[in-house]
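Observations on the three-dimensional arrangement
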Amino acid sequence: MLEWLIVGGGVHGTHLSHVLTAQCGVPRHRLRVLDPWPEPLARWHACTQNTGMAYLRSSVVHHLALDPFSLKHFAERNWTEGQPFAHPYKRPSSALFAAHCREVAHAHQLEGLRLEGRACGLRHGAGTAGYVVETPRGPLYARRVLLAIGASEQPHWPAWAARLRESPAPIHHIFDPLFDRQQLPLQGHTLIVGGGITAAQVAMALYRDGAEEITLLRRHAARVHPLDSDPGWMGPKHQTAFQAMPDWDARRAVVNSARHRGAVPPRLHRRLTRIAQRERLTIRQGELARVCASGKGPLVGTFSDGAGAVVADRIVLATGFARHRPGGSWLTRAIHALGLSCASCGYPIVDASLQWHPGLFVTGPLAELAIGPVARNIVGARQAALQIAAAA
Ligand SMILES: Cc1cc2nc3c(=O)[nH]c(=O)nc-3n(C[C@H](O)[C@H](O)[C@H](O)COP(=O)(O)OP(=O)(O)OC[C@H]3O[C@@H](n4cnc5c(N)ncnc54)[C@H](O)[C@@H]3O)c2cc1C
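Residues numbered from 1 in each chain as written. Predicted model: local features only at pLDDT ≥ 70, side-chain atom pairs only at ≥ 80, totals over all residues.

Notes on the sheet that holds strand S11 (residues 213-218)
Spatial strand order, S9-S18-S10-S11-S14: 5 strands in an open sheet with parallel pairing. Taken across any chain shown, the strands that pair with only one partner, and hence form the sheet edges, are strand S9 (171-173) and strand S14 (281-285). Averaged over all pairs of adjacent strands, the angle between strand axes in this sheet comes to 20°, irrespective of strand direction. Examined bridge by bridge, S9 and strand S18 (residues 314-317) share 3 bridges and lie parallel to one another. If you follow Ile171 over to S18, its bridge partner there is Ile315. Contacts between helix H6 (residues 197-209) and the sheet are confined to strand S10 (189-193), S11, S14 and S18, with S11 contributing the most and set at about 175° to the helix. (Pairing = 2+ DSSP bridges. Helix = DSSP H or I, 4+ residues; strand = E, 2+ residues; numbered from the N terminus. Axes fitted to C-alpha atoms, helices over the stretch in contact; angles between N-to-C directions. Contact = placed C-beta atoms within 7 Å.)

Quick word on the site of the ligand
Close to the ligand lie 34 residues, the nearest being Gly8, Gly10, Gly150, Ser152 and Asn377. It is helix H2 (residues 42-51) that contributes the most residues to the shell around the ligand, 6 residues altogether. Taken together, the residues of the shell around the ligand sort by class into 14 nonpolar, 14 polar and 6 charged. (Near = placed C-beta within 6 Å. Nonpolar A, V, L, I, M, F, W, Y, C, P; charged D, E, K, R; others polar.)

Quick look at the nonpolar core
Core analysis: the biggest nonpolar cluster contains 101 residues, and Leu5, Val7, Val133, Val145, Leu146, Ile192 and Ala203 have the highest contact counts within it. If you tally residues by element for this core, the top one is H6, at 8 residues. When we break this core down by domain, the ones giving at least three residues each are domain 1 (2-153 + 323-391) and domain 2 (159-225 + 261-317). Those residues in contact with Leu5 that lie beyond four places of it in its chain are Arg32, Leu34, Val133, Leu140, Ala142 and Val145. (Core = buried A, V, L, I, M, F, W, Y, C linked by C-beta atoms within 7 Å. Buried ≥ 20, exposed ≤ 12 C-beta atoms within 10 Å, placed from the backbone. Domains from an automatic or database assignment.)

Comments concerning the packing of H6 against helix H9 (residues 266-276)
Contact geometry of H6 with H9 gives a least axis separation of 10 Å together with a crossing angle of 45°. When the axes of H6 and H9 are compared, the pair comes out oblique. Here H6 runs over H9; the crossing is left-handed. Note on element contacts: H9 touches H6 through Leu268, His269, Arg271, Leu272 and Ile275, opposite Ile197, Ala200, Ala203, Met204 and Tyr207. (Parallel < 35°, antiparallel > 145°, perpendicular 65-115°, else oblique. Left-handed = near helix turned anticlockwise from the far one by under 90°.)

Digging into the pairing of S18
Note: S10 against S18, 4 bridges, orientation parallel. Across the sheet, the residue bridging to Thr190 is Arg314, located in S18.

Focus on the environment of Arg284
Within the fold, Arg284 resides in strand S14. Look at Arg284 and you get partly exposed, because 14 C-beta atoms sit within 10 Å. Separated by 65 residues in the primary sequence, Arg284 and Arg219 have C-alpha atoms spaced 8.6 Å apart. Every residue in contact with Arg284, bar those within four places of it in the chain, is listed here: Thr215 and Leu217.

Observations concerning the sheet that holds strand S17 (residues 309-312)
Ordered in space as S15-S16-S17, the 3 strands form an open sheet in which the pairing is antiparallel. Bordering the open sheet on either side are strand S15 (288-293) and S17, each of which pairs with just one other strand. Each neighbouring strand pair of the sheet contributes to a mean axis angle of 20°, computed without reference to strand direction.

Quick word on the domain arrangement of the protein
Split by domain assignment, the protein resolves into domain 1 (2-153 + 323-391) and domain 2 (159-225 + 261-317). Inter-centroid distance (C-alpha atoms) of domain 1 to domain 2 is 31 Å. Listed by partner, the interface residues are 8 residues for domain 1 and 10 residues for domain 2. Taken together, the residues of the side of domain 1 that touches domain 2 break down into 3 nonpolar, 4 polar and 1 charged.

Points about unusual backbone geometry
Looking along the chain, the bond that leaves His87 and enters Pro88 is cis, with omega of -10°. Positive phi is not limited to glycine here, since Arg280 has a value of about 80°. Mapping Arg280 onto the fold places it in the loop between H9 and S14.

Examining helix H12 (residues 378-391)
Taking 1.5 Å per residue as the helical rise, H12 with its 14 residues ought to reach 20 Å, and the 20 Å between its terminal C-alpha atoms agrees with that figure. Looking only at H12, the buried set comprises Ile378, Gly380, Ala381, Arg382, Gln383, Ala384, Ala385, Gln387 and Ile388. The secondary structure elements touched by the buried residues of H12 are helix H1 (11-22), strand S8 (140-147), strand S20 (360-362) and helix H11 (368-371). (Expected span 1.5 Å × (residues − 1).)

Here is the structure:
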């Protein structure tokens, strides 16, 4: 039986596997990371490459390694490919961050901890302590389980887009696991739907790639914020009061209002606005009510306010991730079988060590009601690691 099974090997699961083995003394052969992809952080790399983001939103001290200055020292020693960091917050370039992740994984042999596969069930072990995690290739037994499944497998498809997706219409989601921006044709008209940083980054990337005509359609005026939430949420300034709130539904309301959904950082907003004053890129404000498609041919969208129509050769959704609890039906079954507590939004109610049930821990979105609005971010992984390590 394993001591720890981490389900999900993205930023969160990989960082936790490093902390538990290198810092908490869990023997390597007693810990495994179960993930469907052959490499650590596969979804991170795919999503960030598809957006074309050149620099992270977070600072140099947020990364996979234990030492907060590891990425800074790595850049000083090794980096020769362009500007390693951007202002403000000394944000690493995506290439630098990816190289550092590979370096940390290689130096600490984190790949060797991985098992390729997918959890499809979770239950108590019969007559033994611990858990059984079901996978299509058979059960895995572990004394403790950490759910680090992220939200990257649930891109948000608005209802009209979900209907269209059933046909062969050329509609894509930037975070769909099968999507590759490099395969997108550049000729004709590309309609990007979304109002936040991802939509802005994708518009910039397609413009740079030479796309013939791009329209960025957003529902609201630009919401300009440097970060996804106030920096006070990374520490005690906001977290102390949040974590003392006894009402979990009130915590959900705080998280929802504190996260700047659909926000664009000031520099990106300025650059996008400048480019949109030239040809090839238009920004429109409005909401699509209906989109008609004829096979793989052009799509005709009509606006809910009746403001004319838009004809496009393809639609790319940059509408983020669905808000519901990640994990889907297998986790819902486990919640019922194990009697796990959830707030009315469906998210876990956990203790200060992010324990949902004895020996069952969570991180990422599943820890949102305990950590707050930064739970999904890299800093959220680092905080979760501190809290889980204290109980490990
Ligand atoms: C484009 C983009 C840019 C971002 N930039 C930043 C940034 O600059 N700074 C920052 O702090 N945050 C950023 N974030 C937010 C956050 O850090 C990332 O989303 C990060 O990838 C989250 O890591 P994760 O491990 O929680 O989730 P994921 O990356 O989604 O990893 C979860 C893993 O679990 C796997 N999994 C899911 N279900 C199962 C199952 N049943 N069994 C086994 N495995 C399973 C998934 O396939 C995946 O490999 C960004 C997010 C996106 C989308």
